[in-house]
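So the chains spell out like this:
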Amino acid sequence: MTERALIDGYNRRVDYLRLSVTDRCDFRCVYCMAEDMQFLPRQQILTLEELFQVAQSFVALGTRKIRLTGGEPLIRPGVVQLCEQIAALPGLRELCLTTNGSQLGRLAKPLFEAGVKRLNISLDSLDPQRFKELTRTGDLAQVIEGIDAARAAGFTRTKLNCVVMQGRNDHEINDLVSFAIDRDLDISFIEEMPLGAIAEHSRAESFYSSAQVRERIAERFTLIDSAESTQGPSRYWRVAEAPNIRLGFISPHSHNFCGTCNRVRLTVEGRLLLCLGNEHSMDLKAVLRAHPGHPERLENAIIEAMKLKPYRHNFEVNDDVQVVRFMNMTGG
């Protein structure tokens, strides 16, 4: 039997789905959302059963990696059971999850037992006061406890994600690398993305490129270029002083990764986003609810949506809002 595959209009194979399970979050990170957020009414979001049906259809169409995102996925009731269902899908190679770490103290072990293979954990500062300022509500000690709980539960190749902002946390870059080395974690540094209108800071003034991050790291460590890939947007380097960990750089502005893009995103309201930096989308919720019990209708809609996937985004380093939806709506 011929293996099914999703191919876009540029002959790229799409085999990676980022699946948002909620737009809600217990943090209010300054680069991700407004302080006073209006979240979706619960009747507008996909049920857990519908989220599983979408995952099932994507795997049937050749998806080999699914990452659950949010908002903060671990605040949605029933998420561990959803992980167990998705992880058991025949043909899926890897179920991953991105989290702010706040709930890992109690959920790391159940997630590992449910079949989640890898975690990405957001960590932008090691200073408790600055962490509180950047997240508006977060408790650094609780997140570090969660990071340690993940390791104790058996997770390996856990990765920290750090959004670097000039004048806010750029001076902590090497402290974060040292933290990752001490705990045997990978770490990726991310250029801030122009998603959603924010008033808290100027994105043009806070922009800090991946090249600047590497220059800062080179002041303390010896960097070695690497051709490794995890099917995501990170470009990886190694550190001679700690060759077991990877340093990733996600550079949507200075070195975009569009030419090899293999991923799409589903928002929790059921919009299939074909590109992080564009509004091209298809309403899969409408298909699910108009044709319950007919997975072939959903699969056909997914196949048709591949025609909408653009070649690239066009992020710019200024204060213009290039995409009006916030990152918590996008699905990580």
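Attention in this report is confined to the structure presented alongside it.

Procedures and definitions
Residues numbered from 1 in each chain as written. Predicted model: local features only at pLDDT ≥ 70, side-chain atom pairs only at ≥ 80, totals over all residues. Heavy atoms only, no water. Buried < 20%, exposed > 50% of the residue type's maximum accessible area, 1.4 Å probe, protein only. Helix = DSSP H or I, 4+ residues; strand = E, 2+ residues; numbered from the N terminus. Contact = heavy atoms within 4.5 Å. Core = buried A, V, L, I, M, F, W, Y, C linked by side-chain atoms within 4.5 Å. Phe/Tyr/Trp six-rings, centres within 6.5 Å; stacked < 30°, edge-to-face > 60°. Lys NZ or Arg CZ within 6 Å of the ring centre and 35° of its normal. Pairing = 2+ DSSP bridges. Axes fitted to C-alpha atoms, helices over the stretch in contact; angles between N-to-C directions. Expected span 1.5 Å × (residues − 1).

Moving on: helix H6 (residues 173-182). For the α-helix, the turn length of 3.6 residues means that residues three or four positions removed from each other point alike. When we look at burial in H6, the residues that qualify are Ile 173, Asn 174, Leu 176, Val 177, Phe 179 and Ala 180. Each element contacted by the buried residues of H6 is listed here: helix H5 (140-153), strand E7 (159-164), strand E8 (186-191), helix H8 (210-218) and strand E11 (242-250). Following H6 by one or two positions, Asp 184 adopts a phi angle in the positive range, close to 60 degrees.

This brings us to the environment of Thr 47. One can find Thr 47 in the loop between strand E3 (16-20) and helix H1 (48-60). Dropping the residues within four chain positions of it, Thr 47 is found in contact with Arg 76 and Arg 289.

Membership of the largest hydrophobic core comes to 90 residues, with the highest contact counts inside it found for Leu 19, Ile 66, Ile 86, Leu 111 and Phe 189. Per-element accounting of this core gives the leading share, 7 residues, to H5. Every residue in contact with Ile 86, bar those within four places of it in the chain, is listed here: Leu 19, Phe 52, Ala 55, Ile 66, Leu 68, Leu 92 and Leu 95.

It is worth spelling out the packing of aromatic side chains at this point. Counted according to the given criterion, the structure contains 4 aromatic pairs. Positioned over the ring face of Tyr 16 is Lys 65, at 4.5 Å from the centre of the ring.

For the rest of this paragraph, the subject is the sheet that holds strand E14 (residues 281-283). Strand order in the open sheet made by the 12 strands is E9-E10-E11-E8-E7-E6-E5-E4-E3-E12-E13-E14, with mixed pairing throughout. Each end of this open sheet is capped by a strand with a single partner; those strands are strand E9 (223-225) and E14. Neighbour-to-neighbour, the strand axes of this sheet turn through a mean angle of 25 degrees, independent of strand direction. The sheet contacts of H6 involve E7, E8 and E11, and relative to E8 the element is tilted by about 155 degrees.

Attention now moves to H1. For H1, which comprises 13 residues, the first-to-last C-alpha distance of 18 Å matches the rise-based estimate of 18 Å (1.5 Å per residue) to within 8%. Buried within H1 are the following residues: Glu 50, Leu 51, Phe 52, Val 54, Ala 55, Ser 57, Phe 58 and Val 59. Of the residues flanking the end of H1, it is Gly 62, one or two places downstream, whose phi is positive at about 100 degrees.

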